[in-house]
Amino acid sequence: MSLTYLDAIREAQHDALARDPRVFIYGQDIGKFGGAFKATKRLAEEFPGRVLDSPISEDAMVGVAIGAAIEGARPIVEMQFADFSSVGFNQIVNQAATHFWRTNVPCPIVIRLPSGGTAGSGPFHSQSMESIYAHYPGLIILTPATVEDAYHMLLAAVGCSDPVIFCEHKFLYYHLKAESLPDESLPLGKARIARPGRHATVVAYSAMVHESIRAAEELAKDGYQIEVVDLRSVKPIDTDTILASVARTGRLLCVGESFPWGGVTAEVITRVTTDGFHLLDAPPQRLNSKDTPIPYHPNLWKAHRPTSPAIVNELRRLLKY
């Protein structure tokens, strides 16, 4: 029986609750209703008193989780959409992120952010917030791109003593499936080579890994071997794996669904040009969503975010150098 990306997230939460009595889940309509995307479906029945409905206040949700964490619990907070986490921004970046540094007391919370766009979701339900939270020290930012990572990285996040922002992509919830879950996974902070190659490197994360692989498959018809690096985690970021890939290919394209200004793609390019400028045979490039609010109309949305045809076009230009 195959598992979807969403199944893996639900299964990880189930196993976290079963293994550790300190774990509880907190969020809007996650109890009987099972959450906006059913990521907690039936968990309240199996773990009574540990899958709790919250008020409609992201600020209060994160505040409660922080208080519980510093008293020894391990809360998982579900935001209905990543966009709404901005209402709890103060608690996340001024309280959770700094707590250990101020008090030497860990703050082990996991905040699940249903991230990224889907057709018709518009500007309030489609944003990718990983770049914003990655700016702040003290937070770990995870961006799983596979069913296997959705499961293992969420369990690892619950076991981590630092506050974790877990960016799960809504578009992948039902579009990705796996036949089974492996027993082991790469450690947090370690990137993986999703597709080996030698002509150019594409660094991507979350849903953009799959768009990049499709672009690589298209270019393979012309004889180009494109290497795709899945970051898995944007903070910490695996600079060594990125540099090793660029050393093999000499060319770099960074792809992200978030807005371009000050984003993860900019950070990757900065690290490569600072530490691996001598490895480059061409100027490094990046491809992000448009620097505009995210449109509602499905056709406009498709044109707003990077897709495999756009990635192919960028790579063709890069390969001409």
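See the structure above.
Fair warning: this is a prediction, and the values are worked out from it, not measured in the lab.

The rules we used
- Residues numbered from 1 in each chain as written.
- Predicted model: local features only at pLDDT ≥ 70, side-chain atom pairs only at ≥ 80, totals over all residues.
- Heavy atoms only, no water.
- Helix = DSSP H or I, 4+ residues; strand = E, 2+ residues; numbered from the N terminus.
- Contact = heavy atoms within 4.5 Å.
- Pairing = 2+ DSSP bridges.
- Axes fitted to C-alpha atoms, helices over the stretch in contact; angles between N-to-C directions.
- Expected span 1.5 Å × (residues − 1).
- Buried < 20%, exposed > 50% of the residue type's maximum accessible area, 1.4 Å probe, protein only.
- Right-handed = clockwise from strand over helix to strand, strands pointing away.
- Salt bridge = Lys/Arg side-chain N within 4 Å of Asp/Glu carboxyl O.
- Phe/Tyr/Trp six-rings, centres within 6.5 Å; stacked < 30°, edge-to-face > 60°.
- Lys NZ or Arg CZ within 6 Å of the ring centre and 35° of its normal.

(A) Structural detail: the environment of Phe-89. For Phe-89, the position within the fold is in helix α4 (residues 89-96). Separated by 27 residues in sequence, Phe-89 and Val-62 place their C-alpha atoms 8.9 Å apart. Here Phe-89 is in contact with Asn-94, Ile-132, Tyr-133 and Tyr-136, once residues within four sequence places are set aside.

(B) Representation of the sheet that holds strand β11 (residues 226-230) in the model. Reading across from one edge, β9-β11-β10-β13-β14 is the order of the five strands in this open sheet, with mixed pairing throughout. Every other strand in the sheet has two partners, leaving β9 (192-195) and β14 (285-287) as the edge strands with one partner each. Strand-to-strand twist across the sheet, computed as the mean angle between neighbouring axes with direction ignored, equals 25 degrees. Pairing geometry for strand β10 (residues 200-204) and strand β13 (residues 252-255), over three bridges, is parallel. Directly across from Thr-201, in β13, lies its bridge partner Leu-252.

(C) Focus on helix α7 (residues 147-159). The end-to-end C-alpha separation of α7 is 19 Å, in line with the 18 Å expected for 13 residues at 1.5 Å each. Judged by how many residues are buried, α7 sits mostly within the fold: ten of 13 residues are covered. Where α7 is concerned, the buried positions are Val-147, Asp-149, Ala-150, Tyr-151, His-152, Met-153, Leu-154, Leu-155, Ala-157 and Val-158.

(D) Seen up close, the pairing of β11. With respect to burial, β11 is a largely interior element, five of its five residues being buried. Two elements, β10 and β11, share five bridges in a ladder whose sense is parallel. The partner of Thr-201 across the bridge, within β11, is Glu-227. At this point the chain moves from β10, through helix α9 (residues 208-220), to the parallel β11, and the crossover so formed is right-handed.

(E) Seen up close, the pattern of salt bridges. Overall, the coordinates contain 16 salt bridges when judged by the stated rule. Residues Lys-221 and Glu-218 are paired through a salt bridge, measuring 3.2 Å at the closest nitrogen-oxygen approach. Looking at Glu-218, the relative accessible area reads 34%, which means it is partly exposed. Across the salt bridge formed by Arg-248 and Glu-227, the nearest N and O atoms sit 2.6 Å from each other. Taken together, the residues span a long stretch of sequence, with Arg-248 in helix α10 (residues 239-249) and Glu-227 in strand β11 at a distance of 21 residues. The partly exposed category is assigned to Arg-248, whose relative accessible area is 44%. Each of Glu-211, Arg-214, Glu-257 and Arg-305 takes part in salt bridges that share partners, so that together they form one network.

(F) Geometry of the packing of aromatic side chains. Counting across every chain of the model gives eight aromatic pairs. Each ring, one from Phe-37 and one from Phe-81, has its centre 5.4 Å from the other, and the planes form 75 degrees; the classification is edge-to-face. Here the residue Phe-37 occupies a position in the loop between β2 (23-27) and α2 (43-46), and Phe-81 occupies one in the loop between β4 (74-78) and α4, the gap between them amounting to 44 residues. Take Phe-81: its relative accessible area is 15%, and that puts it in the buried class. Aromatic pair Phe-89 and Tyr-133: ring centres 5.8 Å apart, planes at 40 degrees, arrangement tilted. You can see Phe-89 sitting in helix α4 and its partner Tyr-133 sitting in helix α6 (residues 130-134), a full 44 residues away along the chain. Here Tyr-133 falls in the buried class, since its relative accessible area comes to 0%. Of the aromatic side chains, those joined through ring pairs into one cluster are Tyr-5, Phe-37, Phe-81, Phe-84 and Tyr-173. Lying across the ring of Phe-33, Lys-38 places its NZ or CZ 3.4 Å from the centre.

(G) Region of the structure containing α4. Here α4 has its buried residues at Gln-91, Ile-92, Val-93 and Ala-96. For α4, the secondary structure elements touched by its buried residues are α3 (58-70), α5 (99-103), β5 (110-115), α6 and β7 (164-169).

(H) Geometry of the sheet that holds strand β12 (residues 233-235). Here we have seven strands laid out as an open sheet, ordered β3-β2-β4-β5-β7-β6-β12, and mixed in their pairing. Unpaired on one side and paired on the other, β3 (51-53) and β12 mark the two borders of the sheet. Sheet twist, expressed as the average angle between the axes of neighbouring strands with direction ignored, equals 20 degrees.

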